[in-house]
Amino acid sequence: MSRLKNVLETLNAQGKKALIPYVTGGDPKPEWTVEIMHTLVEAGADIVELGVPFSDPMADGPVIQLACERALKHNTSIDDIFEMVKSFRETDKQTPVVLMGYLNPLEIKGYENFAIEAAEAGVDGALIVDLPPEEASSLVPFLNENNLDSIFLIAPTTTDDRIKYICDQSSGYVYYVSVKGVTGSATLNVDDVAKKVAQIKAHNQIPVGVGFGISNAESAASVSNVADGVIVGSVIVNIIAKHQENKATINSEIKTLVSSMRHAMDA
Amino acid sequence: MGAKTNKRITEELLNQLPDDKGHFGPYGGRFVSETLMPSLLELEEKYLSLKDDPTFRKEFDKDMADYVGRPSPLYFAERLTSEVGGAKIYLKREDLNHTGAHKVNNTIGQALLAKYLGKPRVIAETGAGQHGVATATVAARLNLKCKIFMGIEDIRRQTLNVYRMKLLGAEVEAVTSGTQTLKDAMNEALRDWVTNVDDTFYIIGTVAGPHPYPQLVRDFQSIIGREARAQCLEKEGRLPDALVACVGGGSNAIGLFYPFILDEEVEMYGVEAGGHGVETGKHAAPLCAGKPGVLHGNRTYLMSDESGQIQGTHSISAGLDYPGVGPEHSWLKDMERAEYVSVTDDEALAAFRRLTLVEGIMPALESSHAIAYGIKKAATMRKDQIMIINLSGRGDKDIHTVADIDGIKV
Ligand SMILES: Cc1ncc(COP(=O)(O)O)c(C=O)c1O
């Protein structure tokens, strides 16, 4: 069983929901990322989403755009991201790591090489923002061969037919983008989210993570009431942006925020 | 070239492209985040049902005639031809269109689609400002809300067009992210679209972007080639030997080329922006110097570095300053049906001055790239041969840039 599936099933058996924070690899410096990942886990993360920086992050708002710019100032590449995951795995063998990014860096690396090296590094799944399942046949077979999960997005605009199709193509979990817009742009409406998640779950077994617009403990808790996982990005990245020069502060503030979400979700 | 035989493009093959997922061979497709997929599928469905619909076609043709002023002339550049001393040079006068470039052919088509889809708001990215002006123009006429995204670097280079858009009632948003040019304007337009997808139609300005854009922009722009083909047959009694067009995203080029693709004897040259020279790395010539990758919704030749980050581009011409290119051009390159070359900033500037002095026609700096290569190529051809250069736009918008280089304040 994949590490992702295992974690999600265990949580489910305990009646708990997954907390899935996101940070961009290499932000603000490549040397700091592994420690930040460990901090996320200590604070209660069940899965870590690690962003692969890209020069043209079309689906992201200014917060994550700037995170990419900071990471790219240090030329953080996919290979560097693999090194980070390897180093993270030296002391954490349980927590699944999902890479999130855009397609071109994978295309240039080569899909098979990407999948093999990701698996070797200890990555568990990949979520490529600009790769809908219709175009994914160049990547997914290699992910499958290497026991990596393929996570696809569902949006508020997604029709019933597509929901089924996307769930069938996904493994691990599906990522429900809770608002129309870019990352960090708006706050979600929990009632709308509840309706859409119910619509997804009506015909599909796969766990549903919800992201975009979750910015504090309250919104994390209310989303966790209706979904299997809560994905949190821009608020965490904002802490990194604010304290770029101070590693200790970044880690302590992230720990405070993420633990508050964990407590609220488990309460 | 032995490989050429199995790269032959038959009518059957051409009619199958793009396929139902928007592919031209390995290129094209639909690489966008899920939020946009349903809109793209809806647009595709609507477009396919309308494109041969007599009412839709009639509306489009009427606007082309009465609003744009088509057909645009095919002008024999007699003095330039005799100076160059080679092939007869004809200019397809897209500069004479309303708003001064080929861009309006496409914006009229897409604005009609917006109307049929019932979208009250349109957005567009622009580099040189020509597509922004053409979009603002049709938006004014159809009473649509309009927002144009433009890199702040291009706003500086194209002040006149920025003011034109504002006079036309459009809001112009200065894009300050990334390299602050066309690709970043497109990123920002995509971000707006994903946020306002319910009421907004994205009018893409070239044959790039996700399917069905490369197809529908090509179809709207193909009026250029259909006219040129008929005009050449009428004036010369035969087809031309060579076609030349500049390639930014590639819409004016595909518009000229497409109706000639099956005419194997007609050579096609797409001219990319060589900037300071392709060998310097400071250019915008993905077909000459890039490799396949994925950006802005399609797979195509692209300028990206060894770790897959998109590279900064350079061109004197804002409309060519883009790291990608329409996917159908990538396919035509691989099929060896069209040849892609580049000319430098300096060569384009010299052509700008030469055409102005010799023919009294001031070309856009984008089109000047086509003129520069056309002159070079024509000189190597026989006098009984015929070349058509696509004069994609007029140069008024570039007078500031040229004056700056001359050290003159206008
Ligand atoms: C006059 C003119 N020609 C050419 C171009 C390049 O675009 P395309 O390659 O899509 O024709 C532009 C773009 O702004 C333009 O304004």
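Residues numbered from 1 in each chain as written. Chains lettered and ligands numbered in written order. Predicted model: local features only at pLDDT ≥ 70, side-chain atom pairs only at ≥ 80, totals over all residues. Heavy atoms only, no water.

Observations concerning the overall build of chain A
Scanning chain A for helices and strands turns up 12 helices and nine strands. At 17 Å, chain A has a C-alpha radius of gyration in line with the 18 Å of a compact globule built from 267 residues. When the 267 residues of chain A are sorted by exposure, 62% land in the buried category. Within chain A, residue pairs in contact and separated by at least 24 positions form 72% of the contacts whose partners lie at least 6 positions apart. If you sum the accessible surface of chain A, you get close to 10,000 Å²; carbon and sulfur atoms cover 48% of it. (Helix = DSSP H or I, 4+ residues; strand = E, 2+ residues; numbered from the N terminus. Rg over C-alpha atoms; globule rule 2.2 N^0.38 Å. Buried < 20%, exposed > 50% of the residue type's maximum accessible area, 1.4 Å probe, protein only. Contact = heavy atoms within 4.5 Å. Areas by Shrake-Rupley, 256 points an atom, 1.4 Å probe, with all protein chains shown as cover.)

Considering the overall build of chain B
When you go through chain B residue by residue, the secondary structure sums to 17 helices and 14 strands. Considering chain B as a whole, with its 410 residues, one finds that 64% of them fall into the buried category. Here the analysis covers contacts within chain B between residues at least 6 apart in sequence; of these, 74% occur between residues at least 24 apart. Put simply, chain B has 47 plus and 56 minus side-chain charges, and the middle of one group is 2 Å from the middle of the other. (Lys, Arg positive; Asp, Glu negative; His and termini not counted. Charge placed at Lys NZ, Arg CZ, Asp CG, Glu CD.)

Quick word on the pattern of salt bridges
Residue and element names in this part refer to chain A. This model, assessed by the stated rule, comprises 49 salt bridges over all chains. A salt bridge links Arg3 to Asp124, with the nearest nitrogen and oxygen atoms 2.7 Å apart. Here Arg3, found in helix 1 (residues 3-13), pairs with Asp124, found in the loop between helix 6 (111-121) and strand 4 (125-128); they are 121 residues apart in sequence, far enough to count as distant. Residue class for Arg3 comes out partly exposed when judged on its relative accessible area of 26%. (Salt bridge = Lys/Arg side-chain N within 4 Å of Asp/Glu carboxyl O.)

A few points about the interface of chain B and chain A
Each side of the interface is counted separately: chain B has 39 residues, and chain A has 37 residues. Summing both partners gives a buried area of about 2,800 Å² for chain B against chain A, and 53% of it is carried by carbon and sulfur. It is Glu34(B), Arg191(B) and Gln309(B) that lose the most area in chain B upon contact with chain A, and together they represent 23% of the buried surface on that side. Our count for the chain B to chain A interface comes out at four salt bridges. Note that Glu107(A) is salt-bridged to Arg299(B), the shortest N-O span being 2.7 Å. Run the count over chain B and chain A and you get 19 residue pairs in polar contact (both at pLDDT 80 or more). Where the side of chain B that touches chain A is concerned, the elements lending two or more residues are strand 2 (27-31), helix 2 (37-50), helix 9 (182-195), strand 11 (291-295) and strand 12 (297-302) of chain B. Among the elements that line the side of chain B that touches chain A, the one with the most residues is helix 9 of chain B, at eight residues. For the side of chain B that touches chain A, the class distribution of residues is 13 nonpolar, 14 polar and 12 charged. (Buried area = accessible area lost by both parts, 1.4 Å probe. Polar contact = N/O pair within 3.5 Å; in protein donor to acceptor, adjacent residues only side chain to side chain. Nonpolar A, V, L, I, M, F, W, Y, C, P; charged D, E, K, R; others polar.)

Describing the site of the ligand
All names here are of chain B. Surrounding the ligand, one finds 18 residues, the nearest of these being Thr206, Gly248, Gly250, Ser251 and Ser392. Between Gly248 and the ligand, the recorded distance is 2.7 Å, taken from a backbone N or O atom to an oxygen atom. Take Ser251: an N or O atom from its side chain is 2.7 Å from an oxygen atom of the ligand. Considered on its own, the ligand offers 390 Å² of accessible surface; in the complex 98% of this is hidden by protein. In a pocket analysis with a 2 Å cut-off to the grid points, the ligand is assigned to the largest cavity. In the shell around the ligand, the residues fall into five nonpolar, 11 polar and two charged. (Near = heavy atom within 4 Å. 1 Å grid on protein atoms, 1.4 Å probe; cavity = no way out; pocket = protein on both sides within 12 Å on 5 of 7 lines; lining within 4 Å. Sits in = over half its atoms within 2 Å of the grid points.)

Here we look at the nonpolar core
By size, the foremost hydrophobic cluster in this structure holds 188 residues, and its most contacted members are Leu99(A), Phe114(A) and Val210(A). Once you skip the residues sitting within four places of it in the chain, Leu99(A) turns out to touch Leu50(A), Val52(A), Ile81(A), Phe82(A), Val85(A), Phe114(A), Val123(A), Gly125(A), Ala126(A) and Leu127(A). Listed in part, the 30 residues of the second largest apolar core include Ala351(B), Tyr373(B), Ala378(B) and Leu391(B). (Core = buried A, V, L, I, M, F, W, Y, C linked by side-chain atoms within 4.5 Å.)

With respect to the side chain of Glu49(A)
Residues and elements named next belong to chain A. Tracing the backbone shows Glu49 in strand 2 (residues 48-51). Buried within the structure, Glu49 lacks any salt-bridge partner; Arg89 is the closest side chain of opposite charge, at an N-O distance of 13 Å. Leave out the neighbours within four places in its chain, and Glu49 touches Ile20, Pro21, Tyr22, Val23, Val98, Met100, Leu127, Tyr173, Tyr175 and Ile231.

Thoughts on a nonpolar patch on the surface
Together, Met362(B), Ile399(B), Ile408(B) and Val410(B) give the surface a local cluster of nonpolar side chains, amounting to about 340 Å² of exposed area. The topology assignment puts Val410(B) in the segment after helix 17 (399-405). (Patch = residues over 30% accessible without salt bridge, like charges linked within 9 Å, V, L, I, M, F, W, Y side chains within 5 Å.)

Considering helix 15 (residues 345-359) of chain B
In an α-helix, one full turn covers 3.6 residues, which means residues spaced three or four apart are oriented alike. Residues and elements named next belong to chain B. In this model, helix 15 (15 residues) spans 21 Å end to end at C-alpha, consistent with the 21 Å of a helix rising 1.5 Å per residue. When we look at burial in helix 15, the residues that qualify are Asp345, Ala348, Leu349, Ala351, Phe352, Leu355, Val358 and Glu359. Phi turns positive, to about 65°, at Gly360, one or two residues after helix 15. (Expected span 1.5 Å × (residues − 1).)

Some thoughts on helix 5 (residues 103-117) of chain B
Residues and elements named next belong to chain B. Helix length check: helix 5 (15 residues) gives 21 Å between terminal C-alpha atoms against 21 Å at 1.5 Å per residue, within 8%. In terms of residue burial, helix 5 counts as a mostly covered element, since 13 of its 15 residues are buried. Immediately downstream of helix 5, the backbone of Gly118 shows phi near 70°, a positive value.

As for the packing of aromatic side chains
Residues and elements named next belong to chain B. This model, assessed by the stated rule, comprises 12 aromatic pairs over all chains. Between the aromatic rings of Tyr47 and Phe220, the centroid separation amounts to 6.0 Å while the plane-to-plane angle is 75°, which identifies the pairing as edge-to-face. A residue pair is termed long-range when its members are at least 10 positions apart, and Tyr47 in helix 2 and Phe220 in helix 10 (residues 213-221) qualify at 173 residues. In this structure Tyr47 comes out as buried when scored by relative accessible area, which is 2%. A centroid spacing of 5.6 Å and a plane angle of 45° characterise the contact between Tyr269 and Tyr373, whose relative ring orientation is tilted. Within this pair, whereas Tyr269 is found in strand 10 (residues 267-275), its partner Tyr373 is found in helix 16 (residues 365-379), the two being separated by 104 residues in sequence. With respect to burial, Tyr269 and Tyr373 carry one shared label: buried. (Phe/Tyr/Trp six-rings, centres within 6.5 Å; stacked < 30°, edge-to-face > 60°.)

With respect to the confidence of the model for chain B
Averaged over all residues, the pLDDT of chain B equals 96, while 99% of them reach at least 70. Across the interface, the model reports ipTM at 0.95; the global pTM reads 0.96. (pLDDT = per-residue confidence, 0-100.)

A word on the packing of helix 4 (residues 78-89) of chain A against helix 6 of chain A
Residue and element names in this part refer to chain A. At a minimum axis separation of 8 Å, helix 4 and helix 6 run at an interaxial angle of 25°. Classified by the interaxial angle, the pair formed by helix 4 and helix 6 is roughly parallel. Contacts between helix 4 and helix 6 pair Ile78, Asp79, Phe82, Val85, Lys86 and Arg89 from the former with Phe114, Glu117, Ala118 and Ala121 from the latter. Taken together, the residues of the contact of helix 4 with helix 6 sort by class into six nonpolar, no polar and four charged. (Axes fitted to C-alpha atoms, helices over the stretch in contact; angles between N-to-C directions. Parallel < 35°, antiparallel > 145°, perpendicular 65-115°, else oblique.)

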